[in-house]
Amino acid sequence: MIQQATFPHLNLLLDEAGGGARGRVLSRLGEYVGQIVGPLNMRPTGAALVLADDERVEARVSTAGRHVLVAIAVEGDLAGEVFFLRSLALKHLPAPRLIAHDLTCGQVPFSWVVLSHVAGAPLSAVADGALLRLAARQVGRALRRAHQIGAPGFGRPQTTGRWPVRGWREALGGWLGRREARARAQQALGEERAAALWAATIEHTAIACEEPCVLHGAVGPERALVTGADNSIQLEALVRPGEVVAGDPLFDLAHGLLPGHPEPFRRGLMEGYLATGALTEEQADRLARLRLMLVAADTLHRGDSLALAALPAAVDAGLAALA
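Values in this document were obtained by computation on a predicted structure and should not be read as measured data. (Residues numbered from 1 in each chain as written. Predicted model: local features only at pLDDT ≥ 70, side-chain atom pairs only at ≥ 80, totals over all residues. Heavy atoms only, no water.)

### Remarks on the sheet that holds strand β9 (residues 232-238)
Stage number 1. The strand order β6-β8-β9 describes an open sheet built from 3 strands, whose pairing is antiparallel. Each having just a single partner strand, β6 (121-122) and β9 make up the two edges of the open sheet.
Stage number 2. Running over the sheet, helix α6 (residues 129-146) touches β8 (224-229) and β9 and is turned about 40° from β9. (Pairing = 2+ DSSP bridges. Helix = DSSP H or I, 4+ residues; strand = E, 2+ residues; numbered from the N terminus. Contact = heavy atoms within 4.5 Å. Axes fitted to C-alpha atoms, helices over the stretch in contact; angles between N-to-C directions.)

Following this line, the structure appears as structure tokens:
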């Protein structure tokens, strides 16, 4: 079979991958990719590994006339990504096209999607500040349009399509809980400061959101694909949505404004997002609270020693600004 002749080289990565779920995917990646693309009648001519991290493994499969991307979830499932891609397709927004998927783990023992291959490089690879800002404006405009699409629930869907979480605070609490943010905050900030942080953010009444919309959930330059030539740049796709794909649109904006992102990206993102209308006073306050929560959660999750050392002062400054 064509798949047997094309994909065995993808299995040669076991020693490099190590153990764990990622190793289990990589050790049989060629077999899995062959099983996934076989029913698509693609007549593949080649395949290459393009990504392997703790979240997913991606392989590009080529034919004489096109490429597709096979993405396999290392942990969990890709139900949120399927929802995100289908939602953006409704508005013809820049995102890969969903070609096929299986969330049941019935064909191979992992959740997978097949996506159209999008040409381009991550925006994080762009060093020129002016181009970075220009592309970030396009990201901001695309997000503003995506946020006009309503969602049936908060957080993310199950593989069955059900949305078990019905409240925004519950969705945020689950997201923080899976990162052990509260326990880590007590260690890094002390009990009193950590309590003040949560009281001003997730526990505050201003965080309330009654109408969920479609979210990307992990906005950043590394999750936007762009193409460019000379002094021009074009956003091609928003890729790899995060865990939370439905809720308050300001959650996306707060993600994109994390201090770890380059300043031109943050500035351009805001410019693009606000191009069709400014935030209300209530939205600006909610954004400030979400930004403080996300800065703390991101710092605690990454565990960088320098950032952790600076976190108490950053939290104090954020709390003072909100007060």
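### Overview of the sheet that holds strand β4 (residues 98-102)
Stage number 1. Ordered in space as β1-β2-β3-β5-β4, the 5 strands form an open sheet in which the pairing is antiparallel. Two strands lie at the open edges of the sheet, namely β1 (46-52) and β4, each paired on one side alone. Pairs of neighbouring strands in the sheet enclose a mean axial angle of 20°, with direction left out of account.
Stage number 2. Pairing analysis gives 7 bridges linking strand β2 (residues 56-62) to strand β3 (residues 67-73), with the strands arranged antiparallel.

### Overview of the side chain of H261
Stage number 1. Its location among the elements puts H261 in the loop between α10 (249-256) and α11 (263-273).
Stage number 2. For H261, a relative accessible area of 11% translates into the label buried.
Stage number 3. Those residues in contact with H261 that lie beyond four places of it in its chain are V219, G220, P221, E222, H255, G256 and R266. (Buried < 20%, exposed > 50% of the residue type's maximum accessible area, 1.4 Å probe, protein only.)

### Concerning the pairing of strand β5 (residues 112-116)
On any regular strand, side chains alternate: one points to one face of the sheet, the next to the other face.
Stage number 1. Burial runs high along β5: 5 of the 5 residues are buried.
Stage number 2. With 5 bridges connecting them, β3 and β5 associate as antiparallel partners. From the neighbouring strand, L69 faces β5, where its bridge partner is L115.
Stage number 3. As defined by bridge partners, β4 adjoins β5 across 4 bridges and the pair is classed as antiparallel. When the bridges of β5 are listed, A100 appears paired with V114.

### Describing the side chain of D102
Stage number 1. With respect to the helices, strands and loops of the structure, D102 is situated in strand β4.
Stage number 2. Setting aside residues up to four positions removed in sequence, D102 forms contacts with Q107, F110, S111 and W112.

### Description of the pattern of salt bridges
Charged atoms that come close allow side chains of opposite charge to pair.
Stage number 1. Throughout the structure, instances matching the rule amount to 19 salt bridges.
Stage number 2. The partner of E180 in a salt bridge is R184, and the shortest N-O contact between them spans 3.6 Å.
Stage number 3. We classify R184 as partly exposed; its relative accessible area is 28%.
Stage number 4. Among the ionic pairs, D316 bridges to R193, the shortest N-O distance being 2.9 Å. (Salt bridge = Lys/Arg side-chain N within 4 Å of Asp/Glu carboxyl O.)

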